[in-house]
Structure formats: C-alpha cells, structure tokens
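What follows is each chain in one-letter form.
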Amino acid sequence: MEKHIFAMQISHLLGEEFSRDWVYSQIETPKQEKLGDLAFPCFKLAASFRKSPHKIAEELAPQLKHDLFTSVAATKGYLNIFLNQNFIAEHTLKQILSGDYGKHEFGKNQTIVIDLSAPNIAKPFSMGHLRSTIIGNSLAKIGESCGYQTVKINYIGDYGTQFGKLLAAYQKWGNEKTVRESPIAELNKLYVKFHEEAKSTPSLNDEGRKWFKRLEQNDPKALELWKWFKDASLYEFNKVYDLLGVQFDLLRGEAYYNDKMETVVTLLKEKELLQESDGAQVVRLDDQALPPCLIKKSDDTTTYATRDLTAAIDRYESFSFTESLYVVGHEQSLHFNQITHVLKKLHFPWASHMKHIAFGMMLQDGKKMSTRRGKTVLLEKVLHEAIQLAKENIEEKNPALPNKDKVAQQVGVGAVIFHDLKHDRQNDVEFSLQDMLTFEGHTAPYLQYSYCRAKSLLLKGGFDLKEASPSLIVDGEWPLIKQLRAFPEVVKSAWQDYDPSKIARYLLDLAKSFNQYYTTTKILQGEQMKNRLTLVYSFSYVIEEGLSLLGIQSPEAM
Ligand code: ARG
C-alpha cells in the first residue's frame, strides 16, 4: 500500500508523462535501513527536467505528505521515505487478524485451467512429472488466493504409438503373473526391452504401429490389455498423489479424445490448412518459422499434437477459461508452440491465452533422466526415504511427540516439495537425494520448525486470539513486520510470473526475521507480552498460509 501511495504522489508531482506504474517500477528498497524504507531514484528524470537528480529530489521532498510517512529526505539523487512504523504495524497486524491476509480479488469470476502432472501409464512416475505435479499444484493454490477458480486436469499419457510398442512387447515376452505382481516395473522392463531389440530388429517397430492401430480401432484384445495397464498404473500413481496430498478436478487422459479428433481434422480440412507430406497430413507453419505440425501419420493414426488440439478446444468449450496453463518441461516448447499456432490459424481467439509453463529438467550427473534407458529414480522410493529420515529425526529429538507418523510424512514430503519449489522453475535441477533430505538451511523442515516454535510460544503464553493486541510496540519488531507486510505482494507477483519460488524464497526470509526476533527478544515477559504474542501469532499465520500455497503442511509440533 505505502509503495502505491508513494508512487501515486510522486507521479502526481511529476506530471502525466510519468505514470504511476512507471514510478512504481522504479521504487527501490535502500540497502541500508538508516537511509529509509523506500527510495525513488531521480537519475532518469535529469534529462527531462534539465536539473541534477539531487536538485529534483530536493524539490520533491517537501511536497510529499501522508500519514504513512514520518519523514522524507533527499539523499544523493534519491528521494527516501521513512514509514510511520506505528501506523503500518497496526494496519498490517489488523489485516492479518482479519483472516484473509494475502488474498486478492483480481481473479474473481475467471477460470484458469491447469494441465499438470500427466504421467504416462505403464511407465514409472518420473521426476519431470513430479516437478509438473508440484509446480502445477502450487500454482493452482496461488491462483485461488488471487480469486480465480481453478480446474486441475491430469492429462495422463494413456495413448499413442508407445502403447502399440508396449502391447507388442507384452504379446512377445510378457508374463501375466509377473505383470500382475508389479505392473509398472514389469511393463517398463518390457518397454525398455522393446527399444533394445528394435535396434537390431527394426521390423518390431511396424508391429508396434500395428498394435496402436488396433487400439485406435477399438480392437477388443488391444482394449482389454490397455485398460488393464491403465488401471494398474493409476493405482500406483494414486499412491504418489496421496503422499503428496495432491488432488485433481478432472482425470482426462489422451485416450479420452480418441473418438473426438475427427472434428478437428475436419475443421483443419475445411479451412484448407491440412497438407499432404510423404503420405502424412500436416499443418505447415513456415510463416512462423516452425516445422510442420503432424496431424495424421502415413498409416492414418493420430498424434500427440492431434490429441492436444482436440483437448484444448474441449477445455475452452467446457470452461471458457481466462487462461489455460500447461505445466510441462522445456523440452516440449516446440510442441506447445505448434499447437498454439495451429489454433490461431483456426481463428480461436483464446489460443493466445494458452501458456506453456515450462520448467527445467531434473538432471542426474548432468544428464537428463530417461525412462527409455531404464535409468529412473523411483519417486515413491524417494518420498518414502524422506519420510523415514524425518521419522528418525523425530525419534532422536522429540521421542514423546504424538502422531509421529503423520508428522514424519508432513516433514518428509514437505522437504521434497520445497527442494523443488525453491528453485526458479526455469532452471534445471540436479537431482540429489542428499540435498532433498537435508533438514537444515534452506528447507521446508526449517520453515516448519519455525512455525512450531511460534506455536509453542503462543501456547506457553496462553495467547487468545480474541484478546489480540495489534499495535507497535518497541524496537526490534519492525524488520519482522516489514516482512509480514510484503506477503500479499509476493503472492501476487508469484502468480504474475507463475513462479512459486518467489513464495519459497520469501518464506525463508520471513523465518529468518522471526528467528532473529525470537533470539533477541524476551517474548514471554513484561507488560507487552500480549502485543508480542500478537506478532508471533501473525507470523505463524503467514508462514502456515505461505507453506500451504506451496502444497506443504505445517505440523503444530515436530
Ligand atoms: N504425458 C506427457 C509426457 O509425459 C505430458 C503431457 C503434458 N500435457 C499435455 N497437454 N500435452 O510427456
């Protein structure tokens, strides 16, 4: 709020040429606290006003007035303001106590569709799918905090030529009993074997294609196997979703579109966008400097692109989305670019509201992890290891804790989620079980622990929300209040950049401020205990809320 008011006043004084948004974007936080709370650099104004930046700052300073500011100073070309700490503290804490702190309304009456997770059946749940699940789930929560309605869709990969390959492999080498015992592992083995054998026997690939064709034509044997593989895979995936605490609004995989693709193909034909190329049907995208989008292969089967085009239209027809997000790794950028351009050629105005929320790869020894080469770290194992480690920690530090298993799950899973979300989503992440399972430093357990510390203070001090006292107080609290104050803006900017890491990093700073306060202040003593506990409560509220936006739970004690 204060930043907006500061920007508005300056913009007003400078004249129309300098919009409030522009001024706002220039405002900085001084490196040294003694210089002020907010600073506006006047350097870029020098040319327009033909005055030195310092002179401009000096002229502006006396004209800025508001209850929120205690003083305004011109320092070396900067306009620095000092905030009225009492006023702001009270205002912030009151807002937090009101119960919907960090929430926005700008997304009201708008729907965001989020395509997330989307693992492929008969294959292990990969690290890439983990990233998609975690990032997508967090974005949905952040979007909801901004007032949007969200629809989370799990578009599982249950279709495509690779199923033909799997069916062919199962017919050749499969064994019903072993597949029933551990479906994903066995099916993945078959899939890997298929690729190895196909290197020396390329005719296998034709067999794979034939099986896919049978599947597309609803051949009963192909359908029966497909359904079995799919149900068995979903059963395994659900274990991961349960551990992560992720739910979907819609489970709608690629196969769902099997009998719906003709409409799109017809539409493309009508608009004369479909062209033949080596027996296949493509939409040329030369004008976009993109390779053609393959719609039908030469054997008349459909492609990943055909299904995504059909699904995109279906999503718009079902939800009239404001935005349709695809939380999928960078390596599919070309695919989403092609899809979007084909839809634009079909003149769907909403095509420009489709966004590929790309993220980096999970690397192992600097290389991409691949299911095809069979080199996948099994995610469920990672999660269980994290939980186990959390359990050992509890046994060692707090053996009398009730609900140990539940807390261990909250902490272990939280560690894995945070390890992912603290990185800028665009970057590759080197997979390191050790890093994921470190509970100190920049981790979720550290944040959860800070929350527990606050909760225990509140309990010891007999804090009662009804008697909260939101007022400032003494020195030492201001840094923490300033951090708390930033939360709503952080949520908004995490949404605008589709980047949960903004919240993750904010929470680390917030917890640091709190821990500093905790070690330097005697909270449970003296007359102002109630005021201090109100601040502690406010911290606990914001950190719990922030963690929940990342999909991480906050145990009351650990
Ligand atoms: N199943 C795909 C894969 O693992 C990801 C699907 C992403 N979503 C989409 N609408 N294409 O590569």
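Further up the page is the structure itself.
Before going into details, it helps to say that this report is about the structure given with it.

Criteria and thresholds
Residues numbered from 1 in each chain as written. Predicted model: local features only at pLDDT ≥ 70, side-chain atom pairs only at ≥ 80, totals over all residues. Heavy atoms only, no water. Helix = DSSP H or I, 4+ residues; strand = E, 2+ residues; numbered from the N terminus. Expected span 1.5 Å × (residues − 1). Bend = angle between axes of the 7 residues up to and from the residue. Buried < 20%, exposed > 50% of the residue type's maximum accessible area, 1.4 Å probe, protein only. Pairing = 2+ DSSP bridges. Axes fitted to C-alpha atoms, helices over the stretch in contact; angles between N-to-C directions.

**Details of helix α19 (residues 478-496)**
The end-to-end C-alpha distance of α19 is 28 Å, a good match for the 27 Å that 19 residues give at a rise of 1.5 Å each. The largest bend in α19 amounts to roughly 40 degrees and is located at Phe-487, with the proline Pro-488 lying one to four residues further along. By the burial criterion, the buried members of α19 are Trp-478, Leu-480, Ile-481, Leu-484, Arg-485, Phe-487, Pro-488, Val-490, Val-491, Ala-494 and Trp-495. At the exit of α19 stands Tyr-498, carrying a positive phi of roughly 50 degrees.

**Focus: unusual backbone geometry**
One non-glycine residue, Ala-122, lies in the positive phi region at around 65 degrees. Among the structural elements, Ala-122 can be located in the loop between β4 (111-115) and α6 (127-145). Unlike most non-glycine residues, Tyr-498 shows phi in positive territory, near 50 degrees. With respect to the helices, strands and loops of the structure, Tyr-498 is situated in the loop between α19 and α20 (501-520).

**Considerations on the sheet that holds strand β6 (residues 250-251)**
With respect to topology, 5 strands assemble into an open sheet ordered β6-β5-β4-β10-β11, the strand pairing being parallel. Strands with a single pairing partner mark the edges of an open sheet, and in this sheet they are β6 and β11 (354-359). As defined by bridge partners, β4 adjoins strand β5 (residues 149-154) across 5 bridges and the pair is classed as parallel. Residue pairing for β5: Val-113 is matched across the bridge by Val-151.

**Observations regarding the sheet that holds strand β1 (residues 38-41)**
What the 3 strands build is an open sheet, ordered β1-β3-β2; its pairing is antiparallel. Strands at the two margins of the open sheet, each flanked by one partner only, are β1 and β2 (69-75). Pairwise comparison of adjacent strand axes, ignoring direction, gives a mean angle of 20 degrees for this sheet. Examined bridge by bridge, β1 and strand β3 (residues 78-83) share 4 bridges and lie antiparallel to one another.

Read these as layout, nothing more, since geometry by itself doesn't imply function.
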